[in-house]
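# Reading the structure
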Amino acid sequence: MSTSPMRPGAPTDVPLPSVDGLSLQARRVGRDIRGAGRVLHDISLDIAPGQLTVIAGSSGAGKTVLLEILAGLGAPTEGEVLHNGEQPGPPGREFGFVPQEDIIHRELSLHRTLVYAAGLRMPPGTSAQTVTVTVDRVLATLGLSERAGTPVRALSGGERKRASIAVELLTRPRVLFLDEPTSGLDPVTGADLLRTLHALAEDGTTVVMTTHVLADLLGCDQVVFLTSGGKVAYAGEPTALCGAFGVDTVEEVYRAVADGVRVEHAAPDDIHRTDDVHQPDIVSRNRKTPRVGALRQWALLTRRGTALLLHNRLSVAVLAGSPVMIVAMFALLFRAGAFDPVAPDPGSTAMIMFWIAFGAFFFGLTYGLLQICTELPVLRREWLAGLRIGPYVASKLTTMLPVLAVADALLLAVLRAWDRLPAAGWGTYGSLFTSSVLASAAALSLGLLASAAVSEPGQATLMLPLLCFPQVLFSGAFVPVPRMTGAGEAISWAMTNRWAFEALGGGVGLESLWREGGSPLGPPLLASYGDSFGHPPSRGWLILAAFALTFLAWTWVILVRKCKQGAVRSRAGR
């Protein structure tokens, strides 16, 4: 066994420990995909331990589908895959998978990012010193020690790909799967990365990768070349590839395979084959994998989420800018003294309550919309490594809600200082603050739900006006609920802004202010709004809390489903 792969300039006293790689066997594997039909046909091959195998072929050949099946992330329609002659075990510390998407956050430094990843992946009880030593070893192995303090977003494409590999090496897997790791890299960087992977294979790790890069085929131990119909056109040593097809270059191999040429090769021994084997469900297998406890996961994710929030300039700008925008709007729209008990302005008081409610809603929704969709590839990979969805969702709430509470408190304080709210005691302002925070929590939960439901950040951005407009129209502020049509009143029940508006109005005493104040507008407004503000604020609080819990529960359901069905996204066109 060779020593661990080291790169020029890397420390030589921190090598990764050698491992015994897994052998992989595919036996008459076929795969059907809904809408695409049969994408793999009768695939049989062997991959030896400690070998670098490249799966090549044109677009649509099923390379990624085969990679996922070999990894045990997808079940074949027929045939079976074996790891060391047995059914694949749970994706855990002996398993590494690097998809095309980055599986690390970009805001933090590389070293800090890997420390958080190690906290989620390494065995429970691992000391902080052991985590740090392991991270340093992995960085040295991949030649990234000098970039340890660099934010991931500032790394080059090749360095980011190595950083994703570093995440997988934290637990020193026996088998490492990579989906087109050299795609998009310049030839020198791609060749450098391939040499690193080859060194890992020499050190014991079984490495399997897909590629579109011609040069990769000649730098591996075994080539598996697929036809456009998902059949094996060639499986063997790269040095014999061109000769087997009677051509001089790898480019001509692609042309020959496109013309239907296949090289006959002996099928592997079928002694272990069983027809129509049912692959164990990935979720049930994942439950058997030792993992960090839920409470520790939540604490770690909360710390990481807070760090990501503070290091993201856009997030900081939104956090600071949204309250400033709302306060400026109040200053321009409303005159001081609207809550003067001697001469109140009932119309303005109602609108002030509405805009406080909507401000709390806007804060929460805006903060929540981009929390999940921007890191879904990271979540999917961490879920395979043992992350629970419950602590993940809870961490989003505990990271953002204190920030929202501060924003709501500052908004109320500034409005009171500018005489846009009444001179009242702590009881009144405690009620207003509770209503605002619960409105923000419900909106944050709605934002998380929308972020989980969409597939990309652009879709989340489009959700902002779609979710805001109904909250404005059906909150009961501009058209009181008693004046709405039956359908409109039914819709208003589903609007969190309605319950925040009514709770705020009840907490500040709008009904008594309008009844006892000297404005002639008070009685008509009382008649128009009916008993909207006649209920105790606690009624609205309970409804807002119920909405928040419901939205969070649906967020959990959607994320569990996405992780089960698409922890690695299968596409027949790859």
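Remember, predicted model here, so these are calculated numbers, not experimental data.

### Here we look at the confidence of the model for the protein
- Looking at the protein as a whole, the pLDDT averages 84, with 90% of positions reaching at least 70.
- The secondary structure element of the protein with the lowest average pLDDT is helix H8 (residues 282–287), at 38, and the one with the highest is helix H14 (residues 426–453), at 96.
- For residues 1–14, every residue scores under 50 in pLDDT, and the model assigns this stretch 34 contacts once sequence neighbours within four places are set aside.
- Taken together, the stretch residues 567–574 has pLDDT below 50 and engages in 29 contacts with residues farther than four places along the chain or on a different chain.

### Details of the sheet that holds strand S7 (residues 206–210)
- A sheet is described by the order of its strands in space; here six strands give the open sequence S5-S6-S7-S3-S8-S9, paired in mixed fashion. Across the chains shown, the open sheet's two edge strands, defined by having one partner strand only, are strand S5 (95–98) and strand S9 (232–236). Direction aside, neighbouring strands of the sheet carry axes that sit 10° apart on average.
- Pairing geometry for strand S3 (residues 52–57) and strand S8 (residues 222–226), over five bridges, is parallel. Note on S8: the bridge partner recorded for Val54 is Val223.
- Together, S5 and strand S6 (175–179) form the strand contacts of helix H4 (residues 157–169), whose direction differs from that of S5 by roughly 160°.

### Notes on helix H3 (residues 128–141)
- Between the first and last C-alpha of H3 there are 20 Å, a value that for 14 residues agrees with the 20 Å anticipated at 1.5 Å per step.
- Among the residues of H3, Val131, Thr134, Val135, Val138, Leu139, Ala140 and Thr141 are the ones counted as buried.
- Phi for Gly143, located one or two positions after H3, is positive at around 70°.

### Focus: the sheet that holds strand S4 (residues 78–83)
- Ordered in space as S2-S1-S4, the three strands form an open sheet in which the pairing is antiparallel. Strand pairing shows two members of the sheet lacking a second neighbour, strand S2 (37–47) and S4, which therefore form its edges. Taken pair by pair, the neighbouring strands of this sheet meet at an average axis angle of 20°, ignoring direction.
- The pairing of strand S1 (residues 24–33) with S4 spans five bridges and is classified as antiparallel. Considered in S4, the bridge of Gln25 is made with Leu82.
- Contacting S1, S2 and S4, helix H1 (residues 63–71) crosses the sheet at an angle of about 55° to S2.

The rules behind each value
Residues numbered from 1 in each chain as written. Predicted model: local features only at pLDDT ≥ 70, side-chain atom pairs only at ≥ 80, totals over all residues. Heavy atoms only, no water. pLDDT = per-residue confidence, 0-100. Helix = DSSP H or I, 4+ residues; strand = E, 2+ residues; numbered from the N terminus. Contact = heavy atoms within 4.5 Å. Pairing = 2+ DSSP bridges. Axes fitted to C-alpha atoms, helices over the stretch in contact; angles between N-to-C directions. Expected span 1.5 Å × (residues − 1). Buried < 20%, exposed > 50% of the residue type's maximum accessible area, 1.4 Å probe, protein only.

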